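Coordinate analysis (summary)
What follows is each chain in one-letter form.
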Amino acid sequence: MKSTQLRGIVDLINHPIKNTDYRSNCKEKLDKNGVLVLDNFLTQKAIDRILIEADKYKSLAYYCTNYHNVYLNKQDDSLPKSHPRSRKIISSKGCITDDQVPIDSPLRVLYSSDEFQDFLCAVLGEMELHNYYDSLSSINIHYAKQGQELGWHFDNSSFAITLLIQKPTKGGQFEYIRDFRYDSQGNDNYKDIEDLLDGIIEPNLLVMNPGSLVLFRGKESIHRVTPVEGNKVRILSVLAYNSEPNIALSEEARMTFYGRLK
Ligand SMILES: O=C(O)CCC(=O)C(=O)O
Ligand SMILES: [Fe+2]
């Protein structure tokens, strides 16, 4: 894909994603902090267009509420109620899937762009990136309305790529603590996780704005999105890739998050 196609979608002046120095600078930041936020990555024109699309297709969104523990497993009720494996955490959101994102959406142009994928590979240290084999999981748009939140969790995937499209007036903030899954001995960090869930430990706030590209390593860094307050919906696009071709999201996950398999 030609870089001219990204012009108008990505601010290539401030984010010269082809540039070797720019790439290594981004990689350094991600390696050091476990997160990389590139503000104003999308142009205002692209944000406006994605917002129009997100608004047009919002009635198609599948809304779900899930109960899980921080490991995204079912709670283990045999353990004490305060234990991180038995603590019930709530997450709720609406989602539209890849097949519902218009064919000419700036999101799809970006997602499919060789230049963007090369940049991601360089920053993430991946050899190659592939779209999901199923028709739903590659590009998603998430909607979080008033009161909706993503509870504390560790991701199953080693990296996540998101673009914030609309920021709510209040709430819907991304909070995290880096390297929180294991203690210094490599054991599950149950005590600190319990303290975090009890509000004894303060998390960090990750500020993102419409147009921000966020690369996040969430497998070992606990994170959440606080409940949205007010009528302005939080809209976020998730760009999901695999390191290998022909991988589909599990049927169980598709049923949970999309309510269908295809
Ligand atoms: O909504 C976000 O900013 C993060 C989403 C997230 O953590 C996830 O989908 O696992
Ligand atoms: Fe996550």
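Shown above is the structure to which this text applies.
Only a predicted model underlies this, so the values are computations on that prediction, with no experimental measurement involved. (Residues numbered from 1 in each chain as written. Chains lettered and ligands numbered in written order. Predicted model: local features only at pLDDT ≥ 70, side-chain atom pairs only at ≥ 80, totals over all residues.)

When its secondary structure is counted, the protein shows six helices and 13 strands. Against the globule reference of 18 Å for 262 residues, the protein gives a C-alpha radius of gyration of 18 Å, in line with a compact fold. Dimensions of the protein along its principal axes, counting C-alpha atoms only, are 55 × 40 × 40 Å. Counting only residues that meet the buried cut, the protein has 36% of its 262 residues in that class. (Helix = DSSP H or I, 4+ residues; strand = E, 2+ residues; numbered from the N terminus. Rg over C-alpha atoms; globule rule 2.2 N^0.38 Å. Buried ≥ 20, exposed ≤ 12 C-beta atoms within 10 Å, placed from the backbone.)

A few words on unusual backbone geometry. Although it is not a glycine, Asp179 adopts a positive phi angle of roughly 45°. Of note, Asn246 is a non-glycine position whose phi angle comes to about 60°, a positive value. Looking at the element boundaries, Asn246 is found in the loop between strand S13 (234–239) and helix H6 (251–258). The class of Asn246 is exposed, set by 8 C-beta atoms lying within 10 Å.

Where strand S2 (residues 62–68) meets strand S3 (residues 89–96), seven bridges bridge the pair, whose relative direction is antiparallel. Across the sheet, Tyr67 pairs through a bridge with Ile90, a residue of S3. (Pairing = 2+ DSSP bridges.)

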